[in-house]
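Secondary and tertiary structure notes
This is what each chain is made of:
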Amino acid sequence: SQPVLGELTASQVTPESVQLEWSVPEGTFDSFTVQYRDAQGQPQVLPVDGGWRRVTVPGLSPSRRYKFNLYGVWGRKRLGPISTDALTAPVPPEEKPPTQPRLGNLTASHITSDSIQLEWSVPEGTFDSFTVQYRDAQGQPESLLVDGESRTVTVPGLSPSHRYNFYLYGVLGQKRLGPILLDTITGEDAAWAGPCPLWALRLEPAAEAEEEPPSQPVLGELTASQVTPESVQLEWSVPEGTFDSFTVQYRDAQGQPQVLPVDGGWRRVTVP
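Below is a summary of the structure that appears in this document. As the structure is a computational prediction, the values presented were derived from the model and not from experiment.

**Section: the side chain of Glu142**
Considering the arrangement of structural elements, one finds Glu142 in strand β11 (residues 141-147). With sequence-adjacent residues up to four places away left out, Glu142 is seen in contact with Val132, Gln133, Tyr134, Asp136, Trp266 and Arg268.

See the structure below:
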């Protein structure tokens, strides 16, 4: 029989997040979707696994009222929504919100035919770690995790005379800031490199004219590799079609649900 959504409530409200809880008095759902608008009025969508009854919505603004709508996905049907309002907590007067760190410029040095040393600056604040993302000569996505104290890393295994786009993200807690971009060409004698201004990285390509919808893509297998005491690299396949994006969900050491968004062109990501 068709499952039924119960009530949606908000708990553990902070200046930057709200924890939502809901019930399913009858049946089961394949997944859930939380929808809301951010402080700029832009719509946001947070996918949630069908076995969950609780999720934390991060990245909110202090002292702001939000309306959250939760839908249940059952097969091809979307049921609901159930809704709740929540007012985020104010920033305590005695506390100042921590200064968000800022990424500076990304440059290249020591360029050879098969490697590039990347260097970057952090003009303000500190990061827990960094992630370098790029595509290899075969177009496959690669990800490199770097310690938060480092300001340089060598990317090995590149192809001669090949153009690469390197994206560097700064990771602070559950936030991923950036990226800053470097476009460079490997070569034995010379290479061109130029940092992209930060504001240009905020732009998104214009949406293409609507075409006949393609066939539904299919997810393959998910595997874990390169396991360290602090991180796990996940790899997955898409045997048919393409996805706009992916979402990795897991629970941290304290049992709190975490969500990691991933670009639709990627098949590998490191969870730090």
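Still to come is the rest of the account.
**Concerning the nonpolar core**
Of all hydrophobic cores here, the largest spans 22 residues; its most connected members are Leu20, Trp22, Phe32, Val34, Phe68 and Leu70. Of all the secondary structure elements, the ones that give two or more residues to this core are β2 (18-22), β3 (31-37), β4 (43-49), β5 (54-57), β6 (65-74) and β7 (77-87). Residues contacting Leu70, with those up to four places away along its chain left out, are Leu5, Leu8, Trp22, Phe32, Thr33, Val34, Pro81 and Ile82. Counting residues in each nonpolar core, the second largest holds 20 residues, with Ile116, Val153, Tyr164 and Leu168 among its members.

**Details of the sheet that holds β5**
Judged by pairing direction, the sheet is antiparallel, and its three strands sit side by side in the order β1-β2-β5 without closing on themselves. Every other strand in the sheet has two partners, leaving β1 (8-11) and β5 as the edge strands with one partner each. Taken pair by pair, the neighbouring strands of this sheet meet at an average axis angle of 25°, ignoring direction. Two strands pair when backbone bridges link them, and β1 and β2 are joined in this way by four bridges, in the antiparallel orientation. Paired with Leu8 across the strands is Trp22, a residue of β2.

**Describing the pattern of salt bridges**
The tally for this structure, following the rule as stated, stands at five salt bridges. The shortest N-O distance in the salt bridge between Glu21 and Arg54 comes to 3.3 Å. Linking Glu21 in strand β2 with Arg54 in strand β5, this pair joins segments that are 33 residues apart in sequence. Looking at Arg54, the relative accessible area reads 37%, which means it is partly exposed.

**Some points on the side chain of Gln133**
If you trace the backbone, Gln133 turns up in strand β10 (residues 129-135). Taking the relative accessible area as the measure of exposure, Gln133 reaches 6% and is therefore buried. Those residues in contact with Gln133, other than ones at most four positions away along the chain, are Glu142, Ser143, Asn165, Phe166, Tyr167, Tyr169, Arg176 and Trp266.

**Structural notes on the environment of Ile180**
Looking at the element boundaries, Ile180 is found in strand β14 (residues 175-185). Look at Ile180 and you get buried, because its relative accessible area is 1%. Spatially, the C-alpha atom of Ile180 lies 6.9 Å from that of Tyr169, the residues being eleven residues apart in sequence.

**Remarks on the sheet that holds strand β8 (residues 106-109)**
If you trace the three strands from one edge of the open sheet to the other, you get β8-β9-β12, paired in antiparallel fashion. Pairing within the sheet leaves two strands with one partner each, and these edge strands are β8 and β12 (152-155). Strand after strand, the sheet turns through a mean of 30° between neighbouring axes, direction not considered.

**So, unusual backbone geometry**
Cis rather than trans, the peptide bond between Gly80 and Pro81 has omega equal to 10°. Structurally, Pro81 is set in strand β7. With an omega of 10°, the peptide bond running from Gly178 to Pro179 counts as cis. As for its placement among the helices and strands, Pro179 is situated in strand β14. Positive phi, close to 55°, is recorded for Ser63, a residue that is not glycine. Mapped onto the secondary structure, Ser63 falls in the loop between β5 and β6. A relative accessible area of 47% places Ser63 in the partly exposed class. The phi torsion at Ser161 lies on the positive side, around 55°, for a residue other than glycine. Take Ser161: it is sitting in the loop between β12 and β13 (163-172).

About the cut-offs
- Every chain's residues receive numbers from 1 upward, in the order its sequence appears when written.
- Thresholds applied to this predicted model are a pLDDT of at least 70 for local features of residues and 80 or more for the giving and counting of side-chain atom pairs; totals over whole chains, interfaces and linings are not thresholded and use all residues.
- Where side-chain values are given, they derive from all heavy atoms of the structure, hydrogens and water being excluded.
- Each helix corresponds to a stretch of at least 4 residues labelled H or I by DSSP, and each strand to a stretch of at least 2 residues labelled E; elements are numbered beginning at the N terminus.
- Throughout, a contact is declared for two residues whenever any of their heavy atoms are within 4.5 Å.
- Buried residues of nine kinds, namely Ala, Val, Leu, Ile, Met, Phe, Trp, Tyr and Cys, make up a nonpolar core once their side-chain atoms join them within 4.5 Å.
- Only protein chains enter the accessibility calculation, which uses a 1.4 Å probe; a residue whose area is less than 20% of its type maximum is buried, one above 50% is exposed, and one in between is partly exposed.
- In this scheme, strands are said to pair when DSSP sees at least two bridges between them.
- Each axis is a line fitted through C-alpha atoms, and for a helix only the stretch in contact is used; angles between axes span 0 to 180 degrees, taken between their N-to-C directions.
- A carboxyl oxygen of Asp or Glu within 4 Å of a side-chain nitrogen of Lys or Arg is what we treat as a salt bridge.

By themselves, these are just geometric observations and shouldn't be taken as functional.
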